[in-house]
Amino acid sequence: MANNGSWEEFFASHLPPTDFEDNRSLLKEFCERHALQGNKIVLVTSGGTTVPLEHNTVRFVDNFSAGTRGSASAEYFLEHGYAVIFMHRQKSLEPFTRLFSGQKLLDMLDIQERGPNTTITVKPDSVDVLAPILVRYKAAHAAGAILYVSFTTVSDYFWLLRAACECLANLGPRALLYLAAAVSDFYIPKDKVPTHKMQSESGAPVIQLHLVPKMLAPLVNLWVPAAYVVSFKLETDESLLVPKAKAALEKYKHKVVVANLLQTRHNRVVLVTKNATQEIALNRGDILSGADIEMAIVAAIVSSHEEHMGGAAPAPAR
Ligand code: PMT
């Protein structure tokens, strides 16, 4: 594996995604509006990034994340009164609709086929499930409280992340970054990526991955120095989990690391801060009733963010 360059070199060697300027305008408008209203804004990143193996991409390196954590957390931040920038992998789970993926939505509906007068209704026993979600969805959209922006590749992700940070910087400590996306640590430099689909006739390809610079460093120190930054740490070996979370906190000097194991990530996390570690776990009853662990994670983060804002200098006058 080759060494990583600097984050500046990464941006210099990767063009922004084609929809970048549109997304930048949306982010700017959203942040300015909520800053004027005195709201808190959380940036929730969600889902996994890809690493294309060809410029005209047929194949790519991907990861497991479906966006379960990010999409559920976004809903709970809305409930706590935050404006939410939901920055997600295209086609991964989204707030509200996450609960109806696959055939679930169609199973909730009935159809009465009467030619041009055909009607579709929600089954009576599904109304209780659908109605509260629809109410929260409509309220969030009517209030303009959620903005959806999406990425696919790791380079799209970083361009969008930096643009969001540029807009959030004005909010000072009222900005919260909740970096739950599973971001690739490895990539193939642009000049080593073939333009067209790799041909099997050429034999088995030998692909050298390079290290992606960790963007947490410029993010914490330069892009949003006053924001409350929460990163996530994913491991598969329990013995590494808390030590690596503590090392990340020590290295990047942000506020919280939410540490989770791949195998148990939906039932247990450990919140690591400078002075404490706090385990959050669902019990058997919670799991059987389908409770989301994100409700408790978000409640804990919101409470520490509030403490941070209480002690922080006020946002700069606008
Ligand atoms: O979507 P789900 O199935 O619900 O899964 C949720 C989750 C397991 C993806 C989520 O809980 C999680 O742990 N996300 C972070 C996974 C990850 O990227 O961990 P990491 O240890 O590789 O990176 C640690 C931190 O460094 C991350 O916050 C990441 O934003 C940051 N990073 C990573 C790579 C990189 N080049 N630069 C970074 O700054």
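Residues numbered from 1 in each chain as written. Predicted model: local features only at pLDDT ≥ 70, side-chain atom pairs only at ≥ 80, totals over all residues.

### Overview of the overall build of the protein chain
The test is simple: Working definition: helices are DSSP H or I runs of at least four residues, strands are E runs of at least two. Numbering for both runs from the N terminus. We take the radius of gyration over the C-alpha atoms and set the globule estimate at 2.2 Å times the residue count to the 0.38 power. Here a residue counts as buried when 20 or more other C-beta atoms fall within 10 Å of its C-beta, as exposed when 12 or fewer do, and as partly exposed in between; the C-beta atoms come from the backbone. Think of it this way: build a C-beta for each residue from its backbone, and any pair within 7 Å is a contact.
A count of helices and strands for the protein chain gives 10 helices and 14 strands. Relative to the 2.2 N^0.38 estimate, which gives 20 Å for 318 residues, the radius of gyration of the protein chain is 21 Å and therefore close to what a compact globule would have. The principal-axis extent of the C-alpha atoms belonging to the protein chain is close to 60 × 60 × 45 Å. Of all 318 residues assigned to the protein chain, the portion counted as buried reaches 32%. If you take every contact in the protein chain between residues at least 6 apart in sequence, the share linking residues at least 24 apart comes to 72%.

### Description of helix H2 (residues 20-36)
Since the α-helix packs 3.6 residues into each turn, any two residues three or four apart lie on the same face. Going by this rule: Multiplying 1.5 Å by the residue count of a helix minus one yields the expected span of that helix. Picture the helix axis, draw a direction to every C-beta atom, and the arc is the one those directions span.
Across its 17 residues, H2 extends 24 Å between first and last C-alpha, which sits within 8% of the 24 Å expected from 1.5 Å per residue. For H2, every residue scored as buried is listed here: Asn23, Leu27, Phe30, Cys31, His34 and Ala35. Projected down its long axis, H2 shows its buried positions confined to an angular sector of 125°, all on one face. What points out from H2, more than 90 degrees from its buried face, is the exposed set Glu21, Asp22, Ser25 and Leu36. Elements that come into contact with the buried residues of H2 comprise strand S1 (41-46), strand S4 (83-89), strand S7 (146-151) and helix H6 (154-168). Following H2 by one or two positions, Gly38 adopts a phi angle in the positive range, close to 75°.

### A short note on the environment of Thr277
Summarising the element assignment, Thr277 is placed in strand S14 (residues 277-281). By the C-beta count within 10 Å, which is 13 here, Thr277 ends up partly exposed. Considered as a pair, Thr277 and Ala259 are 18 residues apart in the sequence and their alpha carbons are 9.9 Å apart. Leave out the neighbours within four places in its chain, and Thr277 touches Val242, Val270, Leu271 and Val272.

### Comments concerning the environment of Pro17
Tracing the chain through its elements places Pro17 in the loop between helix H1 (7-13) and H2. Taking the C-beta count within 10 Å as the criterion, Pro17 has 18 such neighbours and is therefore assigned partly exposed. With 190 residues separating them in the primary sequence, Pro17 and Ile207 have C-alpha atoms 24 Å apart. What Pro17 contacts, discounting residues up to four positions off in sequence, is Asp156 and Trp159.

### Regarding the site of the ligand
Going by this rule: Nearness here is judged by the C-beta atom: place it from the backbone, and if it falls within 6 Å of a molecule or strand, the residue counts as near that partner. Think of it as three bins: nonpolar holds Ala, Val, Leu, Ile, Met, Phe, Trp, Tyr, Cys and Pro, charged holds Asp, Glu, Lys and Arg, and polar takes everything else, Gly as well.
Lining the immediate environment of the ligand, one finds 21 residues, of which Ser65, Thr68, Arg69, Ser231 and Phe232 sit closest. Only helix H3 (68-79) and strand S11 (228-235) provide two or more residues apiece to the shell around the ligand. When residues of the shell around the ligand are assigned to their parent elements, the largest contribution, 4 residues, is made by S11. For the shell around the ligand, the class distribution of residues is 11 nonpolar, 5 polar and 5 charged.

### A few points about the sheet that holds strand S12 (residues 256-261)
Selection criterion: Two strands pair under a simple rule: DSSP has to find at least two bridges between them. Simply put, an axis is a line fit to the C-alpha atoms, just over the touching stretch for a helix, and the angle between two N-to-C directions goes from 0 to 180 degrees.
Pairing is mixed across the open sheet formed by 8 strands, whose spatial order is S7-S4-S1-S8-S11-S12-S13-S14. In this open sheet, the two edge strands, each paired with only one partner strand, are S7 and S14. Strand-to-strand twist in this sheet, taken as the mean axis angle between neighbours without regard to direction, amounts to 15°. As judged from the 6 bridges shared by S11 and S12, these two strands associate in the parallel manner. In the strand pairing of S12, Glu235 is matched with Leu261. Packing of helix H8 (residues 238-252) onto the sheet brings it into contact with S11, S12, strand S13 (268-272) and S14, and relative to S12 it is tilted by some 160°.

### Overview of the pairing of strand S5 (residues 109-112)
In terms of strand pairing, S5 meets strand S6 (residues 119-122) through 4 bridges, oriented antiparallel. The residue bridging Leu109 from the neighbouring strand is Val122, located in S6. Where S5 folds back on S6, the antiparallel hairpin that results is connected by 6 residues, among which Gly115 adopts a positive phi of roughly 55°.

### Describing the pairing of S14
Where S13 meets S14, 5 bridges bridge the pair, whose relative direction is antiparallel. In the strand pairing of S14, Arg268 is matched with Ala281. Hairpin connection between S13 and S14: a loop of 4 residues separates the two successive antiparallel strands.

### Thoughts on the packing of H2 against H6
Rule in force here: For classification purposes, an angle smaller than 35 degrees is called roughly parallel, one larger than 145 roughly antiparallel, one from 65 to 115 roughly perpendicular, and anything else oblique. Crossing handedness is read from the near helix: turned anticlockwise from the far helix by less than a right angle, it gives a left-handed crossing, and turned clockwise, a right-handed one.
As a packed pair, H2 and H6 sit with axes 9 Å apart at the nearest point and diverge in direction by 25°. The angle between H2 and H6 places the two elements in the roughly parallel class. Of the two elements, H2 crosses H6, and the hand of that crossing is right-handed. In this structure, H2 uses Phe20, Asn23, Arg24, Leu27, Lys28 and Cys31 to contact H6, whose residues at the interface are Trp159, Leu160, Ala163, Ala164, Cys167 and Leu168.

### So, the nonpolar core
The test is simple: For this entry, the nonpolar core is defined as buried Ala, Val, Leu, Ile, Met, Phe, Trp, Tyr and Cys residues connected by C-beta atoms within 7 Å.
The biggest cluster of nonpolar side chains holds 68 residues, and the ones touching the most others in it are Val44, Val84, Ile85, Ala164, Leu168, Leu177 and Tyr178. By residue number, the principal contributor to this core is H6, which donates 10 residues.

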